[in-house]
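Structural overview
If you want the building blocks of each chain, they are given just below.
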Amino acid sequence: MGVQKMADSGFGKKTAKCPNCSSTSQKDAPCVSSSKTRLIPVLVAADTSDTSSLGEPDSSIPLERKKDQQLIKYKAFAKDVPSKSSNIEKKPSQQQWGRGNVSEVKVPHIRLDDGAAIQEIYTFGKILGKGSFGVVIEAINKETGTKWAIKKVNKEKAGSSAVKLLEQEVNILKSVKHEHIIHLEQVFETPKKMYLVMELCEDGELREILKRKEHLSENETRWIIQSLASAIAYLHNNDIVHRDLKLENIMVKSSFTDANNEMNLNIKVTDFGLAAKKHGGSEAMLQSACGTPTYMAPEVINDHDYSQQCDIWSIGVIMYSLLCGEPPFSASSEEKLFELIRKGELHFSDPVWESISDCAKSVLKQLMKVDPAHRITAKELLDNQWITPTAHKKKFPVKSKKENVDSLDTGNSNSTRYRPLPAGLKGELEKSSVASNQGATAKYSTKPTALPRTKKKP
Ligand code: ADP
């Protein structure tokens, strides 16, 4: 603010995936990787193999979803299926599920000669948006009436590098199961196209909601950051780094406005095209990369790998943007922007910050520590008193392992109000700390309020 902004405050820009380097850049700006500057050194390697399930048994899948899956299987193997789809087969890799004793979450990956069979199963509706490599269309399962979002990618047009990114995304999505991570229901693949059947997020992108509201209240922001922290803690716990967290990649499945006229958003983290699974644990690291103990660096001995911390920084940018409607750093050129980011000085001078608690500002400072080793972790964020105040009191004192929480972190302003998580928004938190929040303060109208979804990419 005050500084000349890059177009659209940095929000309106679409990230273009660079097929050569797996990085992203704004569509109208050069790929970051093509310049000498690298924002965040990434120490992770992308896993393009089918990853094993990290989730729980799929007993929670709604009946209609199960029906959808069964229907596909039926259609795939029944004798009366048109000949075009008669050679549907599962990918061999689908048999390789499971790691250790982790239960499986099977996502059918079905190969077809062409897309005709898909048209038999789904009625395609409006276009929800256009991505870097394909289009996302609303579709209704003819048998069950369930609505889905189907991402359709033309493999030839997208090119082999883009298809690799897509496969990477699919493999990671197949392996995760979390309330605030987009659910991949199934995949269809023809020689020319790939169809990803995903849960539909009817309320669109968080970015669009922010645009309409200009900025969110502290509570509205807290609830979003709770869900986001839960999703990212889950990913990091499973050695997955998202690497492209931003407002555009947070979709809103549903929402309601509570009795205090505050919006409760059920968010889903999407777009795992740049996500990566870290390989090996400390043993592998010590054996393979590090050589003679005499020469070993302390971080190697301690197995400190901060590559996942880039997601935490992004959560900081998201939180700052939600609270004041502007990203924390913006400049007239990419070079200047990078300079500001490297300095990492947060400004709270806009009048909007006057009503924001010191506690929230302290969280922002912890999320946006320039040194990733000093940055709060996703797990620590979940335990932070701004996120889960009751749990914090019980576990007191919970402080970042890497730093003492600064003095700002001890107070809550009067503007801070806490809530129990509504049923639809409960994630991992429910199992642990937030449950103890139940009945804390706010009352909610359970009536869903559909948000007008203005944004429709042509
Ligand atoms: P990108 O290639 O930029 O990652 P996607 O292809 O994943 O984007 O999605 C393109 C657009 O489609 C998004 O910007 C979003 O508006 C819409 N979209 C994607 N996934 C969903 C979904 N599950 N539900 C509703 N809309 C979606």
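Residues numbered from 1 in each chain as written. Predicted model: local features only at pLDDT ≥ 70, side-chain atom pairs only at ≥ 80, totals over all residues. Heavy atoms only, no water.

1. Overview of the overall build of the protein
- Tallying secondary structure elements over the protein gives 14 helices and 13 strands in all.
- Counting the 458 residues in the protein, one finds 53% classified as buried.
- Long-range contacts, defined as pairs at least 24 residues apart, comprise 71% of the intrachain contacts of the protein with a sequence gap of at least 6.
- Element-wise, carbon and sulfur atoms account for 51% of the exposed surface of the protein, whose accessible area totals about 21,200 Å². (Helix = DSSP H or I, 4+ residues; strand = E, 2+ residues; numbered from the N terminus. Buried < 20%, exposed > 50% of the residue type's maximum accessible area, 1.4 Å probe, protein only. Contact = heavy atoms within 4.5 Å. Areas by Shrake-Rupley, 256 points an atom, 1.4 Å probe, with all protein chains shown as cover.)

2. Here we look at the pattern of salt bridges
- Within this structure, the stated rule accounts for 15 salt bridges.
- Taking the shortest distance from any N to any O, the salt bridge between R111 and E189 comes out at 3.8 Å. With R111 in strand β4 (residues 109-111) and E189 in strand β8 (residues 184-189), this residue pair connects regions lying 78 residues apart in the sequence.
- By relative accessible area, R111 is classed as partly exposed at 29%.
- One connected set of salt bridges, linked through shared partners, spans E205, R207, E208, K211 and E248. (Salt bridge = Lys/Arg side-chain N within 4 Å of Asp/Glu carboxyl O.)

3. Observations concerning the packing of aromatic side chains
- If you walk through the whole model with that rule in mind, you get five aromatic pairs.
- Note on W313 and F329: the rings are 6.1 Å apart at their centroids and 15 degrees apart in plane angle, and the pair reads as stacked. With W313 in helix α9 (residues 309-324) and F329 in the loop between α9 and α10 (334-343), the pair connects residues that are 16 residues apart, well separated along the chain.
- Looking at W313, the relative accessible area reads 11%, which means it is buried.
- For F329, a relative accessible area of 10% translates into the label buried.
- Look at Y320 and F348: their rings are 6.2 Å apart centre to centre, the planes differ by 35 degrees, and that puts the pair in the tilted class. On the criterion of sequence distance, the pair formed by Y320 in helix α9 and F348 in the loop between α10 and α11 (358-367) is long-range, its members being 28 residues apart. (Phe/Tyr/Trp six-rings, centres within 6.5 Å; stacked < 30°, edge-to-face > 60°.)

4. As for the side chain of Q309
- Mapped onto the elements, Q309 comes out in helix α9.
- Exposure remark for Q309: the relative accessible area of 1% places this residue in the buried category.
- Once residues lying within four places of it in the same chain are set aside, the contact partners of Q309 are P372, R375, I376 and T377.

5. Observations regarding the confidence of the model for the protein
- On average, residues of the protein score 71 in pLDDT, and 59% of them are at 70 or above.
- The weakest mean pLDDT in the protein belongs to strand β3 (residues 89-90) at 34; the strongest belongs to α11 at 98.
- Confidence drops under pLDDT 50 across residues 1-9; counting only partners more than four residues distant or on other chains, this segment forms 23 contacts.
- Across residues 281-286, confidence stays below pLDDT 50; counting only partners more than four residues off in sequence or on other chains, it has nine contacts. (pLDDT = per-residue confidence, 0-100.)

6. Considerations on the nonpolar core
- Core analysis: the largest hydrophobic core is formed by 76 residues, its most contacted members being I225, L228, I315, M319, L322, L367 and L381.
- Core analysis: the second largest hydrophobic core is formed by 12 residues, L112, I118, A139 and W148 among them. (Core = buried A, V, L, I, M, F, W, Y, C linked by side-chain atoms within 4.5 Å.)

7. So, α11
- For α11, a buried count of eight out of 10 residues is recorded, marking the element as mostly surrounded by other parts of the structure.
- C359, A360, K361, S362, V363, L364, Q366 and L367 are the residues of α11 that are buried.
- In the core, the buried residues of α11 are packed alongside α6 (218-237), α9 and α12 (378-383).

8. A look at the side chain of N249
- Tracing the chain through its elements places N249 in the loop between β10 (240-241) and β11 (250-257).
- Using a relative accessible area of 5% as the deciding quantity, one classes N249 as buried.

9. Regarding unusual backbone geometry
- For D239, which is not glycine, the phi dihedral falls at a positive 65 degrees.
- Relative to the elements of secondary structure, D239 occurs in the loop between α6 and β10.
- D239 sits in the partly exposed class, given a relative accessible area of 35%.
- Residue N261 is not a glycine yet carries a positive backbone phi of 65 degrees.
- Inspection of the secondary structure puts N261 in the loop between β11 and β12 (263-269).
- Of the residues examined, N261 reaches a relative accessible area of 61% and is grouped as exposed.

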